[in-house]
Amino acid sequence: VGLAQLALLARVALLALLAPDAGMALKDPLLNVCMDAKHHKRQPGPEGSLYDQCSPWKDNACCTANTTSEAHKDQPNLYNFNWNHCGVMPPKCKRHFIQDTCLYECSPNLGPWIVQADSSWRRERILHVPLCKEDCEEWWEDCKDAHTCKENWHTGWNWATGTNRCPWGFMCRPFREVFPRPRDLCEKIWSHSFSSSPEQRGSGRCIQMWFDPAQGNPNVVVAKYYAWKKRSSPAQGKKVAPERNQAVPALPWSVLCLLPLALVLL
């Protein structure tokens, strides 16, 4: 490679460094991804229309329109799970479970919390997603008078009839008894898929189940922050965290190596 070619490469490298969104062109395995699960698409992308409460994700979704339509039924064919296992679930409560399903099936912003799953119906799951304080509290408030017989809805049901029924000896009780606090509901109901965050909506540090798509998807920034946090470690020294409204761009090592040459040859 001649000196002129090296100079050209160096200039390109410097321009890449100065570009405000240079890091966005690089594929980050923790960002804009779909988990390997039963109804998820392989890659996120636009969907012409998503049903009702799932519509905020239509511009970039891991779900299909059929999946979102099923999510709104009392007994969706997605997993044959019956919300009304202890009597009819009040609509104000059910809407939170629908929104929870929409987030799980549709969001491409859960990458930092995707882990391997040992299950016949999915290879990956989410674990400890920091759910915003208001989302957790409103979920509990609207469901406290609904009834259920179990605190962990992932396992332990009686599936003899093909749908979930309360196991023998489990009595139906109000949510407020099964889940005394909002934290109990958010963290226990799906075996710690969520963690109850003290952060509020708009902080850039917690995932929102509810958002106005006209204002953009706030979970994009949150995923970028936690992806950065996951890649960082104390052994790598002190790092500067990305701002709450932007992500720190990353450049490949090969580009960084060319920068000194760029400064000399420009």
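Just above, that's the structure.
Model, not experiment: these values are computed from the prediction.

Conventions and cut-offs
- Residues numbered from 1 in each chain as written.
- Predicted model: local features only at pLDDT ≥ 70, side-chain atom pairs only at ≥ 80, totals over all residues.
- Heavy atoms only, no water.
- Helix = DSSP H or I, 4+ residues; strand = E, 2+ residues; numbered from the N terminus.
- Buried < 20%, exposed > 50% of the residue type's maximum accessible area, 1.4 Å probe, protein only.
- Areas by Shrake-Rupley, 256 points an atom, 1.4 Å probe, with all protein chains shown as cover.
- Phe/Tyr/Trp six-rings, centres within 6.5 Å; stacked < 30°, edge-to-face > 60°.
- Lys NZ or Arg CZ within 6 Å of the ring centre and 35° of its normal.
- Core = buried A, V, L, I, M, F, W, Y, C linked by side-chain atoms within 4.5 Å.
- Salt bridge = Lys/Arg side-chain N within 4 Å of Asp/Glu carboxyl O.
- Disulfide = S-S within 2.5 Å.
- Contact = heavy atoms within 4.5 Å.

1. Some words on the overall build of the chain
Part 1 of the reasoning: Helix and strand content of the chain: eight helices and six strands.
Part 2 of the reasoning: Each helix (α) and strand (β) of the chain, taken in turn from the N terminus, gives the series α-α-α-β-β-β-α-β-β-α-α-β-α-α.
Part 3 of the reasoning: Looking at the 266 residues of the chain, the share that counts as buried comes to 46%.
Part 4 of the reasoning: Summing over all exposed atoms, the chain offers an accessible surface of approximately 14,400 Å²; the carbon and sulfur share of this is 56%.

2. A look at the packing of aromatic side chains
Part 1 of the reasoning: The tally for this structure, following the rule as stated, stands at 18 aromatic pairs.
Part 2 of the reasoning: Centroid distance Trp113 to Tyr226: 5.2 Å. Interplanar angle 55°. Geometry classified as tilted. Taken together, the positions of Trp113 in the loop between helix 3 (91-106) and strand 1 (114-116) and Tyr226 in helix 7 (residues 219-231) put the pair 113 residues apart, joining distant regions of the chain. One exposure class covers both Trp113 and Tyr226, and it is buried.
Part 3 of the reasoning: A centroid spacing of 6.3 Å and a plane angle of 70° characterise the contact between Trp153 and Trp157, whose relative ring orientation is edge-to-face. For the residue pair Trp153 and Trp157, the accessibility class agrees, reading buried in each case.
Part 4 of the reasoning: Grouping aromatic residues by their ring pairs yields a cluster made of Phe81, Trp83, Phe97, Trp139, Trp153, Trp157, Phe175, Phe179, Trp190 and Phe194.
Part 5 of the reasoning: The residue whose ring lies beneath Lys150 is Trp157, and the NZ or CZ to ring-centre distance is 5.4 Å.
Part 6 of the reasoning: One residue, Arg205, lies across the ring of Tyr225, its end atom 3.6 Å from the ring centre.

3. Looking at the nonpolar core
Within soluble globular proteins, side chains that are nonpolar tend to cluster in buried spots.
Part 1 of the reasoning: Counting residues in each nonpolar core, the largest one holds 50 residues, and the members touching the most others are Trp57, Phe97, Trp139, Trp153, Phe175, Ile189 and Trp190.
Part 2 of the reasoning: Put simply, the parts of the chain that give this core at least two residues each are helix 3, strand 3 (129-131), helix 4 (133-143), helix 5 (175-178), helix 6 (182-188) and helix 7.
Part 3 of the reasoning: Broken down by element, this core gets its largest block of residues, seven residues, from helix 3.

4. Here we look at the pattern of salt bridges
Part 1 of the reasoning: All told, the structure shown has 13 salt bridges when counted by the stated rule.
Part 2 of the reasoning: The residue Arg95 makes a salt bridge to Asp142 at a minimum N-O spacing of 3.3 Å. With a gap of 47 residues between them, Arg95 in helix 3 and Asp142 in helix 4 connect regions that are remote in the sequence.
Part 3 of the reasoning: A salt bridge links Arg181 to Asp184, with the nearest nitrogen and oxygen atoms 3.1 Å apart.
Part 4 of the reasoning: The partly exposed category is assigned to Arg181, whose relative accessible area is 46%.
Part 5 of the reasoning: By relative accessible area, Asp184 is classed as buried at 6%.
Part 6 of the reasoning: Linked through salt bridges whose partners overlap, the residues forming this network are Glu151, Arg181, Asp184 and Lys188.

5. Remarks on the state of the cysteines
Part 1 of the reasoning: Within this structure, the stated rule accounts for eight disulfides.
Part 2 of the reasoning: Put simply, Cys63 and Cys106 are joined by a disulfide, and their sulfur atoms are 2.1 Å apart. Between Cys63 and Cys106 the disulfide shows an S-S torsion of about 100°. By sign, it is right-handed. Pair noted here: Cys63 is in the loop between helix 1 (3-18) and helix 2 (65-71) and Cys106 is in helix 3, with a separation of 43 residues, a long-range link. The two residues Cys63 and Cys106 agree in class, both being buried.
Part 3 of the reasoning: What pairs with Cys149 in a disulfide is Cys166, and their sulfur atoms sit 2.1 Å apart. Where Cys149 bonds to Cys166 through sulfur, the torsion about that S-S bond is close to -100°, and the disulfide is left-handed.

6. A short note on helix 4
Part 1 of the reasoning: Within helix 4, burial applies to Asp135, Cys136, Trp139, Trp140, Asp142 and Cys143.
Part 2 of the reasoning: Residues of helix 4 that are buried make contact with helix 3, strand 3, helix 5, helix 6 and strand 6 (194-196).

7. A few points about unusual backbone geometry
Part 1 of the reasoning: The phi angle at Asn32 is positive, at roughly 55°, despite the residue not being glycine.
Part 2 of the reasoning: Along the chain, the position of Asn32 falls in the loop between helix 1 and helix 2.
Part 3 of the reasoning: Residues other than glycine seldom take positive phi values, yet Ser191 does so here, at roughly 45°.
Part 4 of the reasoning: Examined against the element boundaries, Ser191 turns out to sit in the loop between helix 6 and strand 6.

Purely geometric numbers; function is a separate question.
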